[in-house]
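Observations on the model geometry
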Amino acid sequence: MAEIVREIPGPTGPLEVLVDLPASAKASAGQPRAAVVFAHPLPIEGGTMHTKVVFQAAKALTRIGCAVLRFNFRGVGRSAGTWDEGRGEKDDYRAALDYFAGRYPGVELWSAGFSFGSYIAMTCGAEDDRVCTLIGIAPPVEKYDYEVVKRSAKPKFLIHGEADELIPLKAVRAFYSQLSEPKEFVEIDRANHLFEGQAGEVGDALEDLLEDFTCRTQ
């Protein structure tokens, strides 16, 4: 279910958000097992918090007991501001982390994102001591600097399409090989960059990867 939270404070004004809550049976005493901040794909290419993969991923995470905050970067939907080539978008993401960390103190905080959003989420998450897990879907490792992620000792989970036409699978495999343990990588057969017709498979992969995962076991 989605809770009615429509906006949170952002660096340049309000950020439009949706909060997806887990089924009560999966949450202990009303607390989720993890609080996940999920970043969407490139705004100037039409990415929003409603992009199919983001939607399916959020729903999958709620099914395994997580609360998920989806938000629109500055200039998208009702979020204030304008595109800032990644710099301001990182500030937006940090504001979302601040909000969710404050809302769920003591709960594991995970950073997740799709495409451009994976760059924002994984790099900000690697730099933030409150975040204990990094999740990247179709990470554009040839287009952005992921060095801080390579240096991170935090658990990392990657999902990529076998037939990604923008970011070759070979490049993501090479990136994955440079990551420190613990880490896991799932390849979705025949999937392109947007996982067209296969967004549900991304959700299934997240469930399989994270259903029994906790940072406290690492």
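Rules of the game
- Residues numbered from 1 in each chain as written.
- Predicted model: local features only at pLDDT ≥ 70, side-chain atom pairs only at ≥ 80, totals over all residues.
- Heavy atoms only, no water.
- Phe/Tyr/Trp six-rings, centres within 6.5 Å; stacked < 30°, edge-to-face > 60°.
- Buried < 20%, exposed > 50% of the residue type's maximum accessible area, 1.4 Å probe, protein only.
- Lys NZ or Arg CZ within 6 Å of the ring centre and 35° of its normal.
- Axes fitted to C-alpha atoms, helices over the stretch in contact; angles between N-to-C directions.
- Helix = DSSP H or I, 4+ residues; strand = E, 2+ residues; numbered from the N terminus.
- Parallel < 35°, antiparallel > 145°, perpendicular 65-115°, else oblique.
- Left-handed = near helix turned anticlockwise from the far one by under 90°.
- Contact = heavy atoms within 4.5 Å.
- Disulfide = S-S within 2.5 Å.

Okay, the packing of aromatic side chains next. One pass over the full model with this rule turns up 15 aromatic pairs. Measuring from centroid to centroid gives 5.2 Å for Y176 and F185, while their planes differ by 35°, and the two rings are tilted. What makes Y176 buried here is its relative accessible area of 19%. An aromatic cluster is built from F71, F73, W83, Y93, F116, Y119, Y144, Y146 and F175, whose rings are joined through pairwise contacts. A cation sits over an aromatic face here: K183 above Y176, 4.5 Å from the ring centre.

The next thing to look at is the packing of helix 2 (residues 87-103) against helix 3 (residues 116-127). Between helix 2 and helix 3, the shortest axis-to-axis distance is 10 Å and the interhelical angle comes to 60°. With respect to helix 3, the element helix 2 is oriented oblique. As for the relative orientation of helix 2 and helix 3, their crossing is right-handed in sense. Along the contact surface, helix 2 presents E89, K90, Y93 and R94, while helix 3 presents F116, Y119, I120, A121, T123, C124 and E127.

Before going further, it helps to spend a moment on the state of the cysteines. Applying the stated rule across the entire model yields one disulfide. Covalently, C132 is tied to C215 through a disulfide, its sulfur atoms 2.0 Å apart. Across the S-S bond linking C132 and C215, the dihedral sits near 70°, which makes this disulfide right-handed. Residue C132 is found in strand 7 (residues 131-137), and its partner C215 is found in the segment after helix 6 (199-210); the two are separated by 83 residues along the sequence. The class for C132 is buried, based on a relative accessible area of 18%. You can see C66 has no disulfide; the closest cysteine sulfur is in C215, sitting 10 Å from it. Note on C124: no disulfide assigned, nearest cysteine sulfur contributed by C132 at a separation of 16 Å.

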